[in-house]
Amino acid sequence: MERVVARKPKSKSSSKTKPAAEPVPRPDREKVTKALFASFLGWIIPGAGHCYLGKWGRGGLYLAAVVLLLALGVGLDGRIYRAQQDQPLTMLASFASMGNGPAHFILRQSRLTGDGQGNNRSPFYEFGNTFILVAGLLNMLIILDAYDVGAGYKP
Amino acid sequence: MFNHITLMILFALVVSGVFACLGKDTLRERLFFGLWLFLGLIVGGMALSWLMFPFPR
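Quantities reported herein were computed from a predicted structural model and do not represent experimental measurements.

K.L.:
Explain the overall build of chain A here, please?
P.N.:
The helix and strand inventory of chain A stands at six helices and zero strands. Counting all 155 residues of chain A, 39% fall into the buried class. Nonlocal contacts in chain A, meaning residues at least 24 apart in sequence, comprise 69% of its contacts between residues at least 6 apart.

Okay, here's the thing in structure tokens:
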């Protein structure tokens, strides 16, 4: 026979208990569509999603940050990663770099980056790689933030 | 123009600025969080570099 143990109810007067968070209302379809479009815009041009939602200051800051990191990464002879089946970690790196949007695909074919290979003899090669990957990862977070702002989860 | 320390400072500045804007809502919170994150990245980087000093390769 299964044993049932009655739990002692927690006292409401305890100072440690946090007040229950109010349920967040689900955004309507129009808001979700707007948020998705803002996210897509944010992938095409970093920060453009926030600008579309009227957050011009934040959008400008995000654009400057991502473009600065990406430009520095390219200027420091960084590499634009391609996924290679024999090196699984390059798949993760390629995914991170794709966060930079169309710039990833353009720079992969560009002479600026030596067809995406970078210059591994440069003393700043690893710096360049890091800057490019972090620019992509930051832009992914910015895209998610644009969705939250568009859907009304964030101010 | 560029050396490792200036690049580290630039990197910390940009990353802390973006994270402060993403993570906090008011200007005051953003300034405090951004400053702490920036200092944490710089001090953490310097501490790690000193820890690695005995192992150059």
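K.L.:
How should the environment of B:Val14 be read in this particular structure?
P.N.:
All names here are of chain B. For Val 14, the location among the structural elements is in helix α1 (residues 4–23). Here Val 14 falls in the buried class, since 22 other C-beta atoms lie within 10 Å of it. Sequence spacing of Val 14 and Gly 34 is 20 residues, and the spatial spacing of their C-alpha atoms is 9.7 Å.

K.L.:
Looking at this model, I keep getting lost on the interface of chain B and chain A. Mind explaining?
P.N.:
Accessible area lost upon the coming together of the parts is a frequently used measure of interface size. If you look at the interface, chain B gives nine residues, while chain A gives 13 residues. Classifying every residue of the side of chain B that touches chain A gives seven nonpolar, one polar and one charged.

K.L.:
Please clarify how the confidence of the model for chain B should be interpreted in this entry.
P.N.:
As a note on interpretation, predicted positions should not be read in detail where pLDDT is low. Residues with a pLDDT of 70 or more make up 98% of chain B, whose mean pLDDT is 93. Across the assembled chains, the prediction reports ipTM 0.89 with pTM 0.85.

Criteria and cut-off values
Residues numbered from 1 in each chain as written. Chains lettered and ligands numbered in written order. Predicted model: local features only at pLDDT ≥ 70, side-chain atom pairs only at ≥ 80, totals over all residues. Helix = DSSP H or I, 4+ residues; strand = E, 2+ residues; numbered from the N terminus. Buried ≥ 20, exposed ≤ 12 C-beta atoms within 10 Å, placed from the backbone. Contact = placed C-beta atoms within 7 Å. Nonpolar A, V, L, I, M, F, W, Y, C, P; charged D, E, K, R; others polar. pLDDT = per-residue confidence, 0-100.

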